[in-house]
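A structural walkthrough
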Amino acid sequence: MAWELLLWLYAFASVIALIALTAYQLINLSDLEFDYINPYDSSSRINAVVVPEFMVQGILCTSFLLTWHWFPFLIMAPITYYHVNLFMNRRHLIDVTEIFRLLNGEKKYRIIKLSIYFSIFVIVIYRLVMSAVLLLTDEGFGSLESGIF
């Protein structure tokens, strides 16, 4: 039962990191759009956090799969597949020369990712609180599979 709480604590920290990395990328793109930062600095800052974001998201999705938490896994699986596809085709980094042409598409992509990460955040908070309460009460031997989450 304690491993369940540790999983959700790890998921909580991972989702917070994913939200922060995606928001950082979105802020850099917005600064570029309003001409507060030059294209080279913006693309180098975004490219520095892309691979760590992919790794954290992939590990989190894999941990949901290995622990049989199907609902969070199914929410994260499409974006994990998209990240793997981008990485395998070497399209995961932003090119300095084409950043202005791709700016609106990149912002929309990151807003969609942010909404997915926020939905996972709600699920993780719910399951974290539920597993902590079950662990701290005498009913700690009950199953967590009581709802859709």
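All values reported here derive from a predicted model rather than from experimental measurement. (Residues numbered from 1 in each chain as written. Predicted model: local features only at pLDDT ≥ 70, side-chain atom pairs only at ≥ 80, totals over all residues. Heavy atoms only, no water.)

**Let's talk about the overall build of the protein**
In terms of regular secondary structure, the protein is built from four helices and zero strands. The order of helices and strands in the protein, counted from the N terminus, is α-α-α-α. In terms of its C-alpha atoms, the protein occupies a principal-axis envelope of roughly 60 × 30 × 20 Å. Relative to its full complement of 149 residues, the protein shows a buried share of 38%. For the protein, contacts bridging at least 24 residues in sequence account for 76% of all contacts bridging at least 6. With an accessible surface of roughly 8700 Å², the protein has 70% of that area assigned to carbon and sulfur atoms. Charge separation in the protein, taken as the distance between the mean sites of 9 positive and 12 negative side-chain charges, equals 9 Å. (Helix = DSSP H or I, 4+ residues; strand = E, 2+ residues; numbered from the N terminus. Buried < 20%, exposed > 50% of the residue type's maximum accessible area, 1.4 Å probe, protein only. Contact = heavy atoms within 4.5 Å. Areas by Shrake-Rupley, 256 points an atom, 1.4 Å probe, with all protein chains shown as cover. Lys, Arg positive; Asp, Glu negative; His and termini not counted. Charge placed at Lys NZ, Arg CZ, Asp CG, Glu CD.)

**With respect to the pattern of salt bridges**
Applying the stated criterion across every chain, the model contains five salt bridges. The partner of Arg127 in a salt bridge is Glu4, with the nearest N and O atoms 3.6 Å apart. Remark: Glu4 occurs in helix 1 (residues 2–33) and Arg127 occurs in helix 4 (residues 103–136); sequence separation between them is 123 residues. Exposure remark for Arg127: the relative accessible area of 1% places this residue in the buried category. Between Lys113 and Glu53 there is a salt bridge whose closest N-O contact spans 2.7 Å. Here Glu53 lies in helix 2 (residues 39–66) and Lys113 lies in helix 4, a separation of 60 residues in the sequence. Like Lys113, the residue Glu53 is buried in the burial classification. (Salt bridge = Lys/Arg side-chain N within 4 Å of Asp/Glu carboxyl O.)

**As for the side chain of Glu53**
On the basis of relative accessibility, which here comes to 0%, the residue Glu53 falls in the buried class. Among residues more than four places away in sequence, those in contact with Glu53 are Leu18, Leu21, Thr22, Gln25, His83, Lys113 and Tyr117.

**Focus on the confidence of the model for the protein**
Overall, the predicted model of the protein reaches an average pLDDT of 91, with 91% of residues at or above 70. Confidence, read as mean pLDDT per element, is least for helix 4 in the protein (94) and greatest for helix 2 (96). (pLDDT = per-residue confidence, 0-100.)

**Considering the UniProt feature "transmembrane region" (unreviewed entry) in the protein**
As annotated by UniProt and renumbered to match this structure, "transmembrane region" (unreviewed entry) occupies residues 7–27, 54–82 and 114–136. In this annotation, residues 7–27 is assigned 100% helix and 0% strand; the end-to-end C-alpha distance for the span is 30 Å. What you have in residues 54–82 is 90% helix and 0% strand, and the ends, taken at the C-alpha atoms, are 10 Å apart. (UniProt positions renumbered as here; feature names shortened; annotations may be inferred.)

**Some words on the packing of aromatic side chains**
Using the criterion set out here, one finds six aromatic pairs in the structure. Each member of the aromatic cluster is reached from another via a ring pair, and the members are Trp68, Trp70 and Phe73. (Phe/Tyr/Trp six-rings, centres within 6.5 Å; stacked < 30°, edge-to-face > 60°.)

**Thoughts on helix 2**
Spanning 28 residues, helix 2 covers 40 Å between terminal C-alpha atoms, matching the ideal 40 Å at 1.5 Å per step. Where helix 2 bends most, the angle comes to about 25 degrees, and this point is Val50, followed within four residues by the proline Pro52. At the exit of helix 2 stands Trp68, carrying a positive phi of roughly 60 degrees. (Expected span 1.5 Å × (residues − 1). Bend = angle between axes of the 7 residues up to and from the residue.)

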